[in-house]
Amino acid sequence: MSEHFSTLSQRFLRRRTLLKTAGLAGAGALLPRLARAGTPLVGFAALPNALSDTHAVAAGYTARVLIRWGDGLDGSDAPRFPLDARQQETRFGCNNDFIAYTPLEGSRRGLLGVNHEYPVGHLMYPGFNSEKKARAGATAAQAALEMAAVGHSVLEIARRGDSWQPVADSAYARRIDANTPMGLSGPAAGHARMQTPDDPQGTRVRGTLGCCSGGKTPWGTVLIAEENVGDYFTGASDNLLACDDPQDVYRGWARAQTRFDLAAQPNELNRFGWVVEYDPVDPASAPVKHTALGRFEHEGATVVYREGAPLVVYSGDDSENQFVYRYVSEGVYEPDRGARNSELLRRGTLYCARFADDGSGRWLPLVHGSGPLHEKNGFASQADVVIDARRAAALLGATPMDRPEGIAVSPRSARACIALTKNKDKAGANGANPRRRNAAGHILEITAPGGAAAARHWEDTFTWDLLLQAGDPDGPGEGRGVYGGAVPAGAWLANPDNLVFDPRGRLWIATDGMQDFGAADGLWCAPATGGSRALPHRFLRCPRGAELCGPEFTPDGQTLFVAIQHPAKEAGSHFDRPSTRWPDFDEHLPPRSAVLAITRDGGGLIGD
Ligand code: FEO
Ligand code: CA
Ligand code: CA
């Protein structure tokens, strides 16, 4: 970063901060006026900060455990732990992340699709007192258990009174794991770099990995985003998604299946790092990896649609100094075409974002043959462009970001919010990532042209602004949190991850990483509009060691599902001596990731 640029960016940040402070002065005093105007505010008392063995939810709400790692998909109890791979294959996986609710009967019965992001061996079976040791030392049988514990679960659930339960003998119940056969579509399908000894045609992949967040399409399918896929593979490789620290971080899966040894099968890793689509109401259908959406560490895949307009999918690459992407379909969305709209994910253009310091921005197309994306730079076809999307985006001049996580698009406006979780390994700051060392993260708002009701997310320009800079508002220097007013003492957040808007337009922010600040992760809610929209209120606290994932509302806004991921994942905590045994607190049971169903006591909209 040049001195000139850095000075510019500092001046720019000062100007923006001044503008914000001026606009937000007395935000508290504005609240009653906004309330009278009908703006959806936050109707619960924010929880204070605390770190505890168990979870807590705002007064007036009840959070019930719906399903836990190892349970049957009908909710039946797990057998004795540790599980073996055969037992795990049909049971709810570990480390639940993204949640997609698909209505079968409105907001009373539906399917819950849940991602299982990654295994935590030292909390899944005995014998290892740290994650690093379990990664390095897992046996072939333990690796097979891990392969069965990741991926995705589909379970049918129904509401009875205030309580949700899994449905027994559901025809929809399904597990997808690291061995499930799936197809490939788009420019990389069948390409030589996708071919392996198992799949000489390069069109059929075994399994999905790093299932982090995701998305839902208007034709009823679910998108799974493959994020951290590199650390399952051993062996030296210059693959862009290979684990950067193979000596001590990669997992021992190559001991169970040679396809995870890059020295033996260098192309296998090219088959991961995509967006996967599957149909929750057709358990016999094979998922498909859509290569037109590019290969990187996809945090999620947020779909924006309107009848007669191109389909747009936003996705961040959750890695330090990587980029924000957007996909625009070639055809337009037509509701009458139903599931055939899936074609929209097979043909279209991938773009990366460049954020200018004046608050404008541009989407740059990743198209073979245009600009620097030609043979001399290693791009012989569009397949090379999508397989090496990171390298293509860097050549085009995309803006390096502070780890792009969740992206949510407001149902009431043209804005999309982007969570930047943190970045401790920066070469320098830029306007959209203004901190030189960003330990607490921030949230950007980008606005598409066209205004609230007619936002054109497929156009090539946007404007952007900082919504908030996370962290302690009383913190030191550039790490000081900046919100839309005064957050209650100890109620600030850090490390935003998943974002979702509720049916009333309020933004819900989940966090991952606050143990670095001696605090619990959790879920916050910010008002829908006005200056106070950057003022988050803590709604839920995770048990110690856990992050909060997958917030998902039923269509009526009266149930909120959340995924509590990796409870007890803290230094010194392991299967035999975990720091908490949430949610069962039974000495015969390990800590278990679980989905909670949250309702308001006496009924009503969550958050009002
Ligand atoms: Fe899997 Fe970026 O969190
Ligand atoms: Ca995440
Ligand atoms: Ca995360």
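The structure presented is a predicted model; accordingly, all values stated were derived computationally and were not measured. (Residues numbered from 1 in each chain as written. Chains lettered and ligands numbered in written order. Predicted model: local features only at pLDDT ≥ 70, side-chain atom pairs only at ≥ 80, totals over all residues. Heavy atoms only, no water.)

Student: Describe the packing of aromatic side chains, naming the residues involved and giving the relevant values.
Tutor: Across all of its chains, the model carries 23 aromatic pairs by this definition. Measuring from centroid to centroid gives 4.9 Å for Trp 69 and Phe 81, while their planes differ by 55 degrees, and the two rings are tilted. Of this pair, Trp 69 sits in the loop between β2 (61-68) and α3 (85-89) while Phe 81 sits in the loop between β2 and α3; the two residues are twelve residues apart in sequence, bridging distant segments of the chain. The pair Trp 69 / Phe 81 is uniform in exposure class, with both members buried. These aromatic residues form a ring-pair network of at least three members: Phe 44, Tyr 61, Trp 508, Phe 539 and Phe 553. The ring centre of Tyr 351 lies 4.3 Å from the NZ or CZ of Arg 326, which sits over that ring. (Phe/Tyr/Trp six-rings, centres within 6.5 Å; stacked < 30°, edge-to-face > 60°. Helix = DSSP H or I, 4+ residues; strand = E, 2+ residues; numbered from the N terminus. Buried < 20%, exposed > 50% of the residue type's maximum accessible area, 1.4 Å probe, protein only. Lys NZ or Arg CZ within 6 Å of the ring centre and 35° of its normal.)

Student: Which residues make up helix α8 (residues 389-396), and what values go with them?
Tutor: For α8, the full list of buried residues reads Ala 389, Arg 390, Ala 392, Ala 393 and Leu 396. Here the buried residues of α8 occupy an arc of 165 degrees about the axis, which is enough to place them on one side. Among the structural elements, β16 (324-332), β17 (348-355), β18 (360-365) and α7 (382-387) are those in contact with the buried residues of α8. Immediately beyond the C-terminal end of α8, within one or two residues, lies Gly 397, with a positive phi of roughly 95 degrees. (Arc of directions from axis to C-beta. Contact = heavy atoms within 4.5 Å.)

Student: Quick rundown of the coordination of the calcium ion (ligand 2)? Include the residues and the values.
Tutor: For the calcium ion (ligand 2), the full set of protein donor atoms is Glu 299 (OE), Glu 299 (OE), Glu 405 (OE), Asp 497 (OD) and Asp 497 (OD), and the range of their distances to it is 2.3 to 3.1 Å. Angles of 44 to 126 degrees at the metal separate the six donor atoms of the calcium ion (ligand 2), which places the site in the irregular class. Taken in chain order, the donor set of the calcium ion (ligand 2) reads E-x105-E-x91-D. Here the calcium ion (ligand 2) and the calcium ion (ligand 3) are spaced 3.2 Å apart, and both take Asp 497 as a donor. Note that Glu 299 is positioned in the loop between β13 (288-290) and β14 (302-304) and Glu 405 in strand β19 (residues 404-409), a separation of 106 residues in sequence. Exposure class is identical for Glu 299 and Glu 405. Each is buried. (Donors = N, O, S within 2.8 Å, 3.2 Å for Na, K, Ca; no water. Tetrahedral: all angles 85-135°; square planar, octahedral: opposite > 155°, others 65-115°.)

Student: Describe the sheet that holds strand β24 (residues 507-511), naming the residues involved and giving the relevant values.
Tutor: Within the open sheet, the five strands sit side by side as β1-β26-β25-β24-β23. Their pairing is antiparallel. Looking along the sheet, the strands with just one partner apiece sit at the ends: β1 (56-57) and β23 (496-501). Relative to β24, β23 runs antiparallel, the two being bridged by four bridges. From the neighbouring strand, Pro 496 faces β24, where its bridge partner is Thr 511. (Pairing = 2+ DSSP bridges.)

Student: Pulling in residues and values, what's your account of the side chain of Gln 265?
Tutor: Assignment of secondary structure puts Gln 265 in the loop between β11 (222-226) and β12 (275-278). The buried category is assigned to Gln 265, whose relative accessible area is 10%. Ignoring anything within four residues of it in the chain, the contact list for Gln 265 reads Thr 196, Pro 197, Thr 258 and Arg 259.

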